[in-house]
Amino acid sequence: MAGRDLRALFSTNDRQLEAGEAFTDRHGQWEFVQSALSEHLAHVTAPGFDVEDLEAPRTNLLVFHGVGGIGKTTLSRTLEAALADSAGRPARWGEPTWPDRPALLPVRIDLARSAGTDFERVLLTIRLALAAHLGQPLPAFDIALRRYWEHQHPGESLEEYLARGGLAGRFGKSLPQQVQAALSDVAQALMLPGSIGSAVGQLTGALTQALRERRQTVRALAGCARLADLLEAEPDVDALSYYPHLLAWELAQLPADKQVVPVILLDTFEDVGTRTHRDLERLLQRLVWLMPNAFFIITGRGRLQWADPALAGQLDFTGPAAWPGLAQQAVPTPRTAGTTTSGRQALIGDFSADDCDDYLARRLVKDGQPLIGPELRATITARSHGLPLYLDLSVLRFLELRRAGHTPTPADFDADFPALITRTVADLTPDERHILRSVSLFDAFDLDLATHAAGLPHQAAAARLIERPFVRHDPFALWPYNLHALIRSTLRTADDATDDRWTDADWRAASTRALAALGDQWRAAAGPDRRLLVGCLRQGLAIARDHRLDLDWLTDAAHAYTDDYVWEPLPLPEAAEGPATAADALAELLSALARRQHEHRSHTVERLTTALDTNLLPAELAEMARYFQAKAHRDLGNTSASRDGMQQVATGGGRYAPDAARGLAHLARAAGDFPTALTTAQTLGWPGRGQRVLGDIHFAHGDMTAAATAYTAARTEAEQHGNKGEQAIAQAHLALTTAFTDPTRAESEIAHAEQLLAGLDQRATTLTAQVAELVRTAGRDDDEFTDRTNQLQAEIAAGGLTSVALLLDLAVAFHHAVRDHEADVHETLRRLAERTAGGDYTYYLDIAHHMAGLTLPTPTTVRWAGDTDAVPARWRTLVTARR
C-alpha cells in the first residue's frame, strides 16, 4: 500500500531518508476476505435470494478483532484499497476470483470517537458512495431521507451539511441533485402542483396514500412493501435506522449491468459503545441486518457478541440462529500467532519474525538500503513479540536517538513503551483495568485466580477481560488464560502514565493476594495433583521472589514436590545477582533438585551449597537442602561428606530424619558393614523406606528370593501411599533382581518399571532399569551386549552416578562369567578394583570374584550378615543357572 509515514518524515531533517508506510502481507486475512466475499456474492445472486426477507439468518459480515496496535486499521485501509482497484492490492495477495458483476463498492467508515461519526453520518456516507458510483436516484430511500432531513435539520440544506462536514469533498456533490430528481419524478407521477422543495410533507403524504391505494402511477415504488409504513413513521433517528431496508431494496432493482454490492468497512468498532450502552451498536446492527445484499467487514478490539442470546433486549437480532457465523465454538481454539478464525470472526495474531524484520527494513530507507541494521532489527523483533505497535514505537525511538546524535544500539531498546499501556487500557472499565494489572503477575490464570488476586467479590470483570484479544486462551492448559507477553511485561516494568496507575504499595498488595490465591488453589485440590503443585510452585516462587514476600505455603509445597521423587522440570529464572530472598534460595534449591536428573552430581552439590550458604532458608528447608546435598555426595562416592551430612540431618530429628537414617544405612552397606545396615533397615518402616533398604541388603547377599519379596513389599507400600516415584524405584530394583534369576519374568517386570517411569524424571532409576535389561540378556551375543554397555557407561558417567556405575560393572561381570571369558572377567575385576580403591563398595569386587568362581586374592574386609559362606555359593549358582 503506497503512502508516506508522516510521523517519521517529520521526525528528522535528513531529506535523503525515505519514510514509507510498510504494510506487512496479512495474506491469511485477505484469503479469509476472498472466501467470505465469494460466498456472499454467490448467495445474493442466487435465484431464491430475497432482499425483503427479514427472518433469514445473516451471513453478510465478517469480523477482524485483535489487541490495540496489532494492525487492524492498516488492514481495513488496505482492504478498502484492494477492493477498489487492483493497483492498491499488495502484490503477494494475488488476483481475486469473483466475477466482474455485480461490481464491488468499498466504503470505509471510521467509527473512532475522535472522528465524531454518528449513525446519520454512517448512512449518508454509504448513500454518497452509491451516488458517486451509480449516478442516479434511489427514489424509495431518497424520498424518506429528504423527509427525515426536513424534520431533523430545519433551515439547513443537505448540500450545506455535506460541504461543511467534508463528505462532499470525498464523494462529490451529486446526492442533493439525485434526491431532488427523485422528488420531482414522484411529484410528476402524482401530478402535484407547486414548489416541491417546500412541499416534502405534502408529497410524502400523497405518495403514501397512492401506495396504500396501489395506484398505477407509483407502481415503480409499490414493490417496496414497507415504504408506506416508513413514510408514515415519525422521522427520527430510530426511523432512520430502518431506512437501510429501502436502500437494499433499491439496489436489488438495479439492472444487471449496474448491479453493485457495497462492501462497508466499519473500523474501530470498539468505540461504538460499551456493554451496558449499546444505542449506536443497535442502530448499526439494524444497518447490517436490513442490507443483506451488502457485505460488512468490521474491525475492532473485541469479538462481536451478536450471537449471544443474553443480549436480547439490548439488540434487536441476537442468537446463533440469527448470526450463525458469529457463534462461538464449544471448545475455543488456542489463540496463537497468525489468524485464528471461528466462523466469520478472525482474531488477528502477531507478526511472524520474518514479517517484523520486513516491516522494520521497509519503514526507514536511505540510499536504497534499510536504515535499521540487521542486528538491531533482530533485537526489536525479539522484544516486540510480534506486536506491530511496538515496531512502530521502536521506529520513532530509533529516529529520536539518531536525531540526538546517538547511534542506536540493541541496549537502547531494552526499555518498554508506556504508550502500550495507554493503548491497552483505553477502553477498559476501572474494574477491568484493576484485573488486568493483577493478572499481569501470573504467566497463566483462570477466573478464580484473577478475581482473588484483584481482591474483587465477583467474577464479572474478569469474565469480561478474558474476552479481550490481548488475553490468549488455551483450553487444555492448567490455567487457560494468559496475557500477550509484551503487554504483560510492559504492565509490570514500564512507567505507567495513566490516571489510575498503581503505586508500589498497590503492587505489593496485589502480589500478596496473588500468592495467597495460588496457595488456596493448591490446598483445595481434591487429591494429589502434581501438575497443579508444580504450576503453583513455579508461579508462586516467581511472585514471592519478585516482590520479596514471605514463603508462606511455598514451604509445604516444596516438601510435597520432593516427597514423591517425581522431579518434574521446574523452570525458574535465576536471580540476577545471586539469591537475595528466601524465595530466591528456595528457587535455587528446587531447581537444583530438578536439574540433578540432567546434570553431573557435582553441579548439584555446588548449587545446594550455594542455597545453604545464603542462610536465607528457614530451618526445615535448610534440612532439605542438607539431606539432598549429602545424597549427591553419596552418588559421587564422597562417603565421608555424605555421612557427615546424613548424620547431621538424622540427629536433628526433623522431617528428613527418616530419609537420613536410610542414607546412613546405605552408607553402612557401602562400607561393607551389613550387620549395621540390616539393624538400621529394620527400624526404618515406611517413612525411611525400610523395605527397599532390606531389598538392597538381600540383593548384595545374592538372596534374590528375599530381595524380590522386600522390593515387592516396598512397591505395595508406595502404592498404598500414592507415591508414584517410590513405586518406580522399587519396581526397577525388583526388575534387576528378577533379571538375574528369571529372564522371562524379568521382561514383564522391566516393562512395568518403564511404565511407572513414564512421566517421571528419575535418571538413576531409569538407568537401573536399563541395567536390568542388560542383565536379562547376559550371556548372549557379545557385540550387542558391548554396544549397549558402552552407551550406558557414557550416560552414567555424564550424571556422576557411582552406585549405578558399579551395578553396570556387576552386570558386565555376570555376562563374562556366564560366557566363561576369562580375560574379560579379569578386565572387569581390574575396573572394579579401581572404582572401590577408596574402601567403599568393595563387596561388588567380592561378588564379581564369586560369580567367576575365583578365590579372593586377599581376605575380604566385608562384614556379611548371616551365613558368610552362603554368599559366594548364591552368586555362583546364578551364573551356572544362566549357562
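From a predicted model like this one, the values you see are computed outputs, not experimental measurements.

Engineer: Before we go on, may I ask you to explain the overall build of the protein chain in this structure?
Structural biologist: Helices and strands together make up the secondary structure of the protein chain, namely 41 helices and 11 strands. Over its C-alpha trace the protein chain gives a radius of gyration of 39 Å, far above what one expects of a compact globule, namely 29 Å for 883 residues. A principal-axis box enclosing the C-alpha atoms of the protein chain has dimensions of 135 × 60 × 55 Å. In the protein chain, which comprises 883 residues, the share counted as buried stands at 54%. The contacts in the protein chain between residues at least 6 apart in sequence include a share of 70% that link residues at least 24 apart. For the protein chain, the exposed area adds up to about 36,500 Å²; of that, 50% sits on carbon and sulfur atoms. In the protein chain, which carries 87 positive and 114 negative side-chain charges, the distance between the mean positions of the two groups comes to 2 Å.

Engineer: It is not clear to me how the packing of aromatic side chains should be interpreted in this structure. Could you clarify?
Structural biologist: Given two aromatic rings, one states the distance between the centres and the angle between the planes to describe the pair. If you walk through the whole model with that rule in mind, you get 25 aromatic pairs. Ring centres of Phe674 and Trp864 lie 5.1 Å apart, and the angle between their planes is 10 degrees; on these two criteria the pair is classed as stacked. One end of the pair, Phe674, is in helix α31 (residues 674-684); the other, Trp864, is in the loop between α40 (842-852) and α41 (870-882), with 190 residues separating them in the sequence. For the pair shown, Phe674 and Trp864 are each scored as buried.

Engineer: Please clarify how the confidence of the model for the protein chain should be interpreted in this entry.
Structural biologist: In the predicted model, the protein chain carries a mean pLDDT of 86, and 92% of its residues have values of at least 70. Across residues 19-23, where pLDDT falls below 50, the model places 23 contacts with residues more than four positions away in sequence or in other chains. Note on residues 329-341: pLDDT under 50 across the span, and 38 contacts to partners over four residues away in sequence or across chains.

Engineer: Sorry if this is basic, but what is going on with unusual backbone geometry here?
Structural biologist: Phi is mostly negative for residues that are not glycine, and the peptide bonds are mostly trans. The phi angle at Thr268 is positive, at roughly 55 degrees, despite the residue not being glycine. Summarising the element assignment, Thr268 is placed in the loop between β4 (260-267) and α14 (279-290). Overall, Thr268 belongs to the buried group, its relative accessible area being 13%. Positive phi, normally seen in glycine, also occurs at Asp367, with a value near 55 degrees.

Engineer: What am I meant to see in the packing of helix α34 (residues 724-741) against α41 here?
Structural biologist: For any two helices packed against each other, the geometry comes down to the angle between their axes and how far apart the axes lie. Running from amino to carboxyl end, α34 crosses α41 at an angle of 65 degrees, the nearest separation of the two axes being 8 Å. Judged by residue contacts, Ala739, Phe740 and Thr741 of α34 engage Trp875, Leu878 and Arg882 from α41. A breakdown of the residues in the contact of α34 with α41 according to their chemical character gives four nonpolar, one polar and one charged.

Engineer: Would you mind going over the environment of Gln762 with me for this structure?
Structural biologist: In this fold, Gln762 is placed in the loop between α35 (743-757) and α36 (763-776). Residue Gln762 is classed as buried on the basis of its relative accessible area, which comes to 4%. Residues Gln762 and Arg363, spaced 399 residues apart in sequence, show a C-alpha to C-alpha distance of 52 Å. Leave out the neighbours within four places in its chain, and Gln762 touches Asp564, Tyr565, Val566, Trp567, Gln597, Gly725, Ala728, Ile729 and Leu757. Within the structure, the side chain of Gln762 is placed 2.2 Å from the backbone oxygen of Tyr565, a separation counted as a polar contact.

Engineer: Any chance you could explain the pairing of strand β5 (residues 295-300) here in plain terms?
Structural biologist: Across a regular strand the side chains alternate sides, sitting on one face of the sheet and then on the other. For β5, the buried fraction is high: six of the six residues fall into the buried class. Burial of the side chains of β5 extends over both faces: Phe295, Ile297 and Thr299 are buried on one face and Phe296, Ile298 and Gly300 on the other.

Engineer: Even after reading the chapter, I still don't get the nonpolar core, so can you show me in this structure?
Structural biologist: Nonpolar side chains tend toward joint burial in soluble globular proteins. Core analysis: the largest hydrophobic core is formed by 126 residues, its most contacted members being Phe64, Phe445, Leu586 and Leu590. Among the elements that make up this core, the one with the highest residue count is helix α26 (residues 582-595) (nine residues). Core analysis: the next-biggest nonpolar cluster, separate from the first, contains 79 residues, Ile126, Leu183, Leu203 and Met291 among them.

Engineer: How should I be thinking about the pattern of salt bridges in this particular structure?
Structural biologist: Once the charged atoms of two side chains with opposite charge are near each other, the side chains can pair. Under the definition given, this model contains 45 salt bridges. With a shortest N-O distance of 2.5 Å, Asp443 and Arg538 are connected by a salt bridge. With Asp443 in the loop between α19 (430-439) and α20 (447-454) and Arg538 in helix α24 (residues 530-546), this pair connects stretches of sequence that are 95 residues apart. In this structure Asp443 comes out as partly exposed when scored by relative accessible area, which is 33%. With a relative accessible area of 23%, Arg538 lands in the partly exposed category. When salt bridges that share partners are traced, they join Glu747, Glu773, Arg776, Glu784 and Arg788 into one network.

Engineer: Explain the environment of Arg835 here, please?
Structural biologist: In this fold, Arg835 is placed in helix α39 (residues 822-835). Residue contacts for Arg835: discarding those within four places in its chain leaves Ala805, Leu806 and Asp809. Reaching out from Arg835, the side chain makes a polar contact with the side chain of Asp809 at a distance of 2.4 Å.

Engineer: Would you explain the side chain of Glu120 in this entry?
Structural biologist: Mapping Glu120 onto the fold places it in helix α4 (residues 119-134). Comment: no salt bridge for buried Glu120; closest opposite-charge side chain is Arg164, at 7.7 Å. Beyond its immediate stretch of four places on either side in the chain, Glu120 contacts Tyr148, Trp149, His153, Tyr161 and Leu240.

Engineer: Explanation requested: the environment of Val804 in the structure shown.
Structural biologist: Checked against the element boundaries, Val804 lands in helix α38 (residues 802-819). Measuring from C-alpha to C-alpha, the distance between Val804 and Ala310 comes to 64 Å, with 494 residues separating the pair along the chain. Leaving out residues up to four positions away in the same chain, Val804 has contacts with Ala764, Leu767, Thr768 and Ile796.

Engineer: What am I meant to see in the packing of α34 against α35 here?
Structural biologist: As a packed pair, α34 and α35 sit with axes 8 Å apart at the nearest point and diverge in direction by 165 degrees. One way to sum up the angle between α34 and α35 is to call them roughly antiparallel. Here α34 runs over α35; the crossing is left-handed. Contacts between α34 and α35 pair Gln727, Ala728, Gln731, Ala732, Leu734, Ala735, Thr738, Ala739 and Thr741 from the former with Pro743, Arg745, Ala746, Glu749, Ile750, His752, Ala753, Leu756 and Leu757 from the latter. Here the contact of α34 with α35 is composed, by residue class, of 11 nonpolar, five polar and two charged.

Quick notes on the rules
- Residues numbered from 1 in each chain as written.
- Predicted model: local features only at pLDDT ≥ 70, side-chain atom pairs only at ≥ 80, totals over all residues.
- Heavy atoms only, no water.
- Helix = DSSP H or I, 4+ residues; strand = E, 2+ residues; numbered from the N terminus.
- Rg over C-alpha atoms; globule rule 2.2 N^0.38 Å.
- Buried < 20%, exposed > 50% of the residue type's maximum accessible area, 1.4 Å probe, protein only.
- Contact = heavy atoms within 4.5 Å.
- Areas by Shrake-Rupley, 256 points an atom, 1.4 Å probe, with all protein chains shown as cover.
- Lys, Arg positive; Asp, Glu negative; His and termini not counted.
- Charge placed at Lys NZ, Arg CZ, Asp CG, Glu CD.
- Phe/Tyr/Trp six-rings, centres within 6.5 Å; stacked < 30°, edge-to-face > 60°.
- pLDDT = per-residue confidence, 0-100.
- Axes fitted to C-alpha atoms, helices over the stretch in contact; angles between N-to-C directions.
- Nonpolar A, V, L, I, M, F, W, Y, C, P; charged D, E, K, R; others polar.
- Polar contact = N/O pair within 3.5 Å; in protein donor to acceptor, adjacent residues only side chain to side chain.
- Core = buried A, V, L, I, M, F, W, Y, C linked by side-chain atoms within 4.5 Å.
- Salt bridge = Lys/Arg side-chain N within 4 Å of Asp/Glu carboxyl O.
- Parallel < 35°, antiparallel > 145°, perpendicular 65-115°, else oblique.
- Left-handed = near helix turned anticlockwise from the far one by under 90°.

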